[in-house]
Amino acid sequence: MTRVLIVGAGGHAQVIADLLASRARSGEDIGLIGFVDDDARLIGTEILGVRVLGTPAEMDRFAFDAVVVGIGENATWAHIYRQLIRQGRTLLSLVHPRATVAADVELGAGSVVFAGAVINTGAVIGPDVIINTGATVDHHAQIGAHVHLAPGVHLGGTVTIGEGTFIGIGSSVIPNCQIGAWTVVGAGAAVINDLPARVTTVGVPARIIDQAHLNLANDE
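Nothing here was measured: the structure is a model prediction, and the numbers come from that model.

Enquirer: Explain the side chain of H146 to me, using residue names and the numbers behind them.
Expert: Note on placement: H146 falls in the loop between β14 (142-143) and β15 (148-149). Judged by relative accessible area, which is 3%, H146 ranks as buried. A distance of 2.6 Å separates polar atoms of two side chains, one belonging to H146 and the other to D128. When residues no more than four places from it in sequence are discounted, the contact partners of H146 are N74, W77, A78, Y81, R82, P127, D128, V129, E163, G164, T165 and W182.

Have a look at this one:
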């Protein structure tokens, strides 16, 4: 059995735990052995019947085969992902049994595709990406590392999304658009033109309201 440890124990981690349970029910030899979280108050408690075993610093105390980052905030989970890679951990990619992913899609290490999501042919999904519930990625889209597509996001064909970008719930991006790194697209927005890096946009059509929403330190 592939023994999986989830880093984080909040809501996003719990959805990943449910994804793992769905894969086990579908016949895959996989199981969640526990959560680790920096919140000491959670240690020893149970979430969905599975224990919070300790903190991320204590991971070596536990027997596991692969790790999934269960944190939905881009900069935080990108930082944790990089730490885990430096430590030589195996980052598991997960696809929900009720997601649809074309056979030729490239899915990077640590990426998670949730129930109802659709990723069409030719798409390239970078490492540590979240394709959330019911999101769709059309043909030949290119998605960089640490991107989060919230529930119900729809990307047209040949869209390019830069590293660390967050696309809010119910938003859409028309075909051929390019969105720069670490940009935020607000909930329900419609992106009809290219967007630069590190801006926040809202509305229909999407307009820039913040020119420097995030100054992410390079922690490589």
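Structure shown, so let's carry the discussion forward.
Enquirer: An account of the pairing of strand β5 (residues 66-69) is needed here, citing residue identities and associated values.
Expert: Side-chain alternation along β5 places A66 and V68 on one buried face and V67 and V69 on a second face that is also buried. Pairing of strand β1 (residues 2-7) with β5 involves four bridges; the strand directions are parallel. Each residue of the ladder has a partner; that of V4, found in β5, is A66.

Enquirer: Describe the pattern of salt bridges, naming the residues involved and giving the relevant values.
Expert: Scanning the model with the defined rule gives six salt bridges in all. With a shortest N-O distance of 2.6 Å, R23 and E28 are connected by a salt bridge. Residue class for E28 comes out partly exposed when judged on its relative accessible area of 32%. Residues R61 and E58 are paired through a salt bridge, measuring 3.2 Å at the closest nitrogen-oxygen approach. Classification of R61 by relative accessible area gives exposed; the value is 57%. On the basis of relative accessibility, which here comes to 27%, the residue E58 falls in the partly exposed class.

Enquirer: Tell me what's going on with the sheet that holds strand β11 (residues 124-125), and back it up with residues and numbers.
Expert: One open sheet accounts for five strands, arranged β8-β11-β14-β17-β20; its pairing is parallel. Because the sheet does not close on itself, it has two edges, and the strands there are β8 (106-107) and β20 (178-179). With two bridges connecting them, strand β17 (residues 160-161) and β20 associate as parallel partners. Counted as the bridge partner of I161 is I179 from β20.

Enquirer: Give me the environment of I130: which residues, what numbers.
Expert: When you line up the elements, I130 lands in strand β12 (residues 130-131). Here I130 falls in the buried class, since its relative accessible area comes to 4%. Residues I130 and A115, spaced 15 residues apart in sequence, show a C-alpha to C-alpha distance of 12 Å. Beyond its immediate stretch of four places on either side in the chain, I130 contacts H12, I71, G72, W77, V112, F114, V147, H148 and L149.

What counts, and at which threshold
- Residues numbered from 1 in each chain as written.
- Predicted model: local features only at pLDDT ≥ 70, side-chain atom pairs only at ≥ 80, totals over all residues.
- Heavy atoms only, no water.
- Helix = DSSP H or I, 4+ residues; strand = E, 2+ residues; numbered from the N terminus.
- Buried < 20%, exposed > 50% of the residue type's maximum accessible area, 1.4 Å probe, protein only.
- Polar contact = N/O pair within 3.5 Å; in protein donor to acceptor, adjacent residues only side chain to side chain.
- Contact = heavy atoms within 4.5 Å.
- Pairing = 2+ DSSP bridges.
- Salt bridge = Lys/Arg side-chain N within 4 Å of Asp/Glu carboxyl O.

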